Amino acid sequence: MSDTPVKQQSTAAFYGQAVASFAVAMAATAIGIFRLNADAWVRAFLAIAVLYLVTSAFTLAKVIRDRQEAGQIVSRVDQARLEKLLAEHDPFEKL
């Protein structure tokens, strides 16, 4: 059977870049909404819409990741079953 680990980790640089990019994007959006020449209720609506969009994006990313991980687990179980069957099969055994 294969002992290849499923766990995949990104590098620290990639993680840092993702966090920094998210922080810059949120800060730029917040500054843009704050400096917008509009009524306070319009700015508040836009701020709530941005927060909703961000939480929806995080939820979507989590769901996609969970489905991918579940697929990998099923694939590994199927692969282990196949390897077991092949290991137990002797093609030269008399019928």
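Scroll up a little and you will see the structure.
What counts and how
Residues numbered from 1 in each chain as written. Predicted model: local features only at pLDDT ≥ 70, side-chain atom pairs only at ≥ 80, totals over all residues. Heavy atoms only, no water. Helix = DSSP H or I, 4+ residues; strand = E, 2+ residues; numbered from the N terminus. Buried < 20%, exposed > 50% of the residue type's maximum accessible area, 1.4 Å probe, protein only. Areas by Shrake-Rupley, 256 points an atom, 1.4 Å probe, with all protein chains shown as cover. Salt bridge = Lys/Arg side-chain N within 4 Å of Asp/Glu carboxyl O. Phe/Tyr/Trp six-rings, centres within 6.5 Å; stacked < 30°, edge-to-face > 60°. Patch = residues over 30% accessible without salt bridge, like charges linked within 9 Å, V, L, I, M, F, W, Y side chains within 5 Å. Polar contact = N/O pair within 3.5 Å; in protein donor to acceptor, adjacent residues only side chain to side chain.

A. Region of the structure containing the overall build of the protein chain. In terms of helices and strands, the protein chain carries two helices and zero strands. For the protein chain, buried positions account for 2% of its 95 residues. Total accessible area computed for the protein chain in this model is approximately 8700 Å², and 67% of it derives from carbon and sulfur atoms.

B. Structural context of the pattern of salt bridges. For the structure on display, the rule yields three salt bridges. Where Arg65 meets Asp66, a salt bridge forms, and the shortest distance between an N and an O atom there is 3.1 Å. Here Arg65 falls in the partly exposed class, since its relative accessible area comes to 41%. Asp66 gets classed as partly exposed once you look at its relative accessible area, which sits at 28%. When the shortest N-O distance is used, the salt bridge between Glu69 and Arg65 registers 3.9 Å.

C. Broad picture of the packing of aromatic side chains. Enumeration according to the criterion identifies one aromatic pair in this entry. Seen in terms of ring centroids, Phe22 and Phe58 are 5.6 Å apart; in terms of plane orientation they differ by 65°. Their pairing is edge-to-face. Of this pair, Phe22 sits in helix α1 (residues 12-34) while Phe58 sits in helix α2 (residues 40-88), and the two are 36 residues apart along the sequence. You can call Phe22 partly exposed: its relative accessible area is 38%.

D. Structural detail: a nonpolar patch on the surface. Taken together, the side chains of Leu36, Trp41, Phe45 and Leu46 define a hydrophobic patch exposed on the protein surface, amounting to about 450 Å² of accessible area. Within the element layout of this structure, Trp41 appears in helix α2.

E. Molecular detail of the environment of Asp66. Position of Asp66 relative to the elements: it lies in helix α2. Side chain to side chain, Asp66 and Lys62 meet in a polar contact 2.6 Å long.

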